[in-house]
Amino acid sequence: MKIALLQDTALTVFDSYGVSDAAAALVNAGHDVRIIPAATLVALGRDEADVLVMPYKDGTFTAAQLDGLVAFHAQGGGIV
């Protein structure tokens, strides 16, 4: 499965794990993982990922980034 893993220093990670932990677990499970910056959310498409993983507990997205998330999901992409 192709997984896009969001990495953004402006967002707050969980206390017990972060992006590197999520990436390691997903790679160990045999997934194709690509780490992406939040700026790419505006144009994220299903050709790039089946699932978007966001290992964060707090943060704010721009209106364009939120539109990108909705469009990705409308194309059938999963968001975790």
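Residues numbered from 1 in each chain as written. Predicted model: local features only at pLDDT ≥ 70, side-chain atom pairs only at ≥ 80, totals over all residues. Heavy atoms only, no water.

Trainee: So what exactly am I meant to see when it comes to the pattern of salt bridges here?
Mentor: Any two side chains of opposite charge can pair, on the condition that their charged atoms come close. Scanning the entire structure with this criterion turns up three salt bridges. For Lys57, the salt bridge identified is with Asp15, shortest N-O distance 3.1 Å. In this pair, Lys57 sits in strand β5 (residues 56-58) while Asp15 sits in the loop between β2 (12-13) and α1 (19-28), placing the two residues 42 residues apart along the sequence. Given a relative accessible area of 45%, Lys57 falls into the partly exposed group. (Salt bridge = Lys/Arg side-chain N within 4 Å of Asp/Glu carboxyl O. Helix = DSSP H or I, 4+ residues; strand = E, 2+ residues; numbered from the N terminus. Buried < 20%, exposed > 50% of the residue type's maximum accessible area, 1.4 Å probe, protein only.)

Trainee: Just checking my understanding: could you explain the side chain of Gln65 for this structure?
Mentor: When you line up the elements, Gln65 lands in helix α2 (residues 63-74). Not counting residues up to four positions away in its chain, the partners in contact with Gln65 are Ala38, Ala39, Leu41 and Val42. (Contact = heavy atoms within 4.5 Å.)

Trainee: Honestly, α1 in this entry has me stumped. Any pointers?
Mentor: The set of residues buried in α1 consists of Val19, Ala22, Ala23 and Leu26. Axial view of α1: buried residues confined to an arc of 100°, hence all on one face. Across α1 from its buried face, at more than 90 degrees, point the exposed residues Ser20 and Asn28. Against the buried residues of α1 lie β1 (2-7), β3 (32-37), β4 (51-53) and β5. Of the residues one or two after α1, Gly30 is the one with positive phi, at around 90°. (Arc of directions from axis to C-beta.)

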